[in-house]
Amino acid sequence: MPDTAYDLVIRNALLAGSTGSVEADLAVSGERIAAIGHGLGSGKREIDARGRVVTPGGVDSHAHIEQLSGGGVMNADTWESATTSAAHGGTTSVIAFAAQHVGKNLRRVVDDYAALARKGAVIDYNYHLIVSDPTEKTLKQDLPALIGEGHASIKAFMTYDAIRLHDEQMLDLMAVARENGAMICVHAENHGMIAWMAKRLVERGYTAPKYHAISHPRASEPEAFERLIAMSALLDQPVMIFHVSTREGAAVIRRARGEGVKVFAETCPQYLFFTREALDKPGLEGAKWMFSPPPREVEDQEALWRALELGDLLTISSDHAPYAPDETGKFMAGPNANFKQIANGVPGLQLRMPLLFDAMVSKGRLGLSRFVALTATQPAAHYNLPNKGDIVVGMDADLVIWDPQKRVTLSDDLVLDRTGYTPYGGMEVTGWPERVFLRGKPLVEDGKLQAEPGSGRFLARRAGPAAAPTGNLPMELDPARNFGAKLL
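These lines cover the structure that appears in this document, whether it is placed above or below. (Residues numbered from 1 in each chain as written. Predicted model: local features only at pLDDT ≥ 70, side-chain atom pairs only at ≥ 80, totals over all residues. Heavy atoms only, no water.)

Attention now goes to the sheet that holds strand β6 (residues 58-60). Sheet architecture is open: eight strands sit in the order β6-β7-β8-β9-β10-β11-β12-β13, paired in parallel fashion. This sheet does not close on itself; its edge strands, each paired only once, are β6 and β13 (315-316). As judged from the seven bridges shared by strand β7 (residues 91-99) and strand β8 (residues 124-130), these two strands associate in the parallel manner. When the sheet's bridge partners are listed, phenylalanine 97 is paired in β8 with histidine 128. Against the sheet, helix α8 (residues 247-258) touches β11 (239-241) and β12 (263-267), its axis set at about 155° to β12. (Pairing = 2+ DSSP bridges. Helix = DSSP H or I, 4+ residues; strand = E, 2+ residues; numbered from the N terminus. Contact = heavy atoms within 4.5 Å. Axes fitted to C-alpha atoms, helices over the stretch in contact; angles between N-to-C directions.)

Turning next to unusual backbone geometry. With omega at -10°, the peptide bond leading from serine 292 into proline 293 counts as cis. Examined against the element boundaries, proline 293 turns out to sit in the loop between α9 (269-273) and α10 (298-310). Of note in the backbone geometry, asparagine 387 takes a positive phi value of approximately 65° without being a glycine. As for its placement among the helices and strands, asparagine 387 is situated in the loop between α12 (368-382) and β14 (399-409).

Of the volumes computed, that of the largest pocket is approximately 920 Å³. Around the largest pocket, the lining comprises 47 residues; the ones closest to its centre are Ser69, Gly70, Gly71, Tyr160 and Asn344. Of all the elements in the fold, those that place two or more residues in the lining of the largest pocket are β9 (153-157), α5 (191-203) and α6 (212-215). With four residues, α5 is the largest single contributor of residues to the lining of the largest pocket. Split by residue class, the lining of the largest pocket holds 20 nonpolar, 22 polar and five charged. (1 Å grid on protein atoms, 1.4 Å probe; cavity = no way out; pocket = protein on both sides within 12 Å on 5 of 7 lines; lining within 4 Å. Points joined across faces, edges and corners; volume = space filled by probe spheres on them. Nonpolar A, V, L, I, M, F, W, Y, C, P; charged D, E, K, R; others polar.)

Taken together, the side chains of Val22, Ile36 and Val393 make up a nonpolar region of the molecular surface, amounting to roughly 220 Å² of accessible area. Looking at the secondary structure, you find valine 393 in the loop between α12 and β14. With relative accessibility at 48%, the residue valine 393 sits in the partly exposed group. (Patch = residues over 30% accessible without salt bridge, like charges linked within 9 Å, V, L, I, M, F, W, Y side chains within 5 Å. Areas by Shrake-Rupley, 256 points an atom, 1.4 Å probe, with all protein chains shown as cover. Salt bridge = Lys/Arg side-chain N within 4 Å of Asp/Glu carboxyl O. Buried < 20%, exposed > 50% of the residue type's maximum accessible area, 1.4 Å probe, protein only.)

With that settled, consider the environment of alanine 213. Among the structural elements, alanine 213 can be located in helix α6. In this structure alanine 213 comes out as buried when scored by relative accessible area, which is 10%. For the pair alanine 213 and proline 325, spaced 112 residues apart in sequence, the C-alpha to C-alpha distance is 18 Å. Those residues within four positions of alanine 213 in sequence are excluded, and the remaining contacts are Arg276, Leu279 and Pro294.

It is worth stressing that arrangement in space is one thing and function is another; only the former is reported here.
Have a look at this one:
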């Protein structure tokens, strides 16, 4: 075998996949993993990774980047800053959001957003299509065409005045997804409960950020889940439920899956590490921990970990929503803003992987293979990202070399997004990304970015098996049982 058989050889590493780990060498040729084994031939570059752990690059399937919120606030990150921070945390692929607001042309929204990503992204990417104005043109022209071009997931909201869909609109959107092969992703909370609670709190003078946690009653989550799942079952259209926060919500998902409904769900680090007490700070300081749904109780954290263990929660995403704690972001409404006027969301793209490595690997909760599955393999498989998410010969050489012993105290100065703070400041984690590779090329080494803005690639994708209907139509939509009516 010639001395330059491989472009890169990583030797003596613990290679961690979603089904197990092995001490071996890994070789890269071009952009792909070429071989895994012992005594592999030499490479143009070799790294001795003895004592290190190598995982696939993280796949963050839920991040808001350079996006205008439903409340009209532009988040702090550009594609360059967001993906640079992601790279330093070991994330090499991201799915963000091309967000349609009411009155906007979805095709133009996607084209404009694609231009921003092409200019700035340093990791590979795709987008979910947020639909808030399901006009006939959106449903019958733009969505089918965009799905065919590789945008195979759609997001909808069941709350927020400016962007929420009513049940009938949700059913229309699901029908389009079913016909064209796309996954439906949903922010599911009961809008009426939240609006009623928020109005009552503000009218009675309870306006501090901590009351945000009270304004989203925990009952609003399972109620919306049940309603969404009923719609999913009616149309036999699979759905992904975003950011599950309560034990009741997790229980609804488990029951529905047991009954054969094709429903998937995710949670986020903020629901695993924070409770509502995080918002109880002087003045407006608690706004830094405002996100929706809000953090809950310790027993909810335990229920979510259990749901991750059981497989009822499929992925852990960051829900990166970077609003600076100043007049450009969270406090756009001024220094006396009430909790309803403060932008919701926290940054998390960079620290998702280190936080979960610490919890799952260093502290032993669920273990290394489940860490890989939940942060890379399962999101890549669910959203059908080509060649991403695992350490397998032939896959893209998206690799993270971890120092499993390195201890790092998280701080505002450490993070590289443009939010200006991290809600995880002061926490210590054990285990840190030492080197990151994207498609076989150095992405981060010695704490420095090695890639140029715009070097990330768009990952065109079909929806894949997760979005395929089960074939179990209810009587009302089955022509064999509904007197021949063809409704889908």
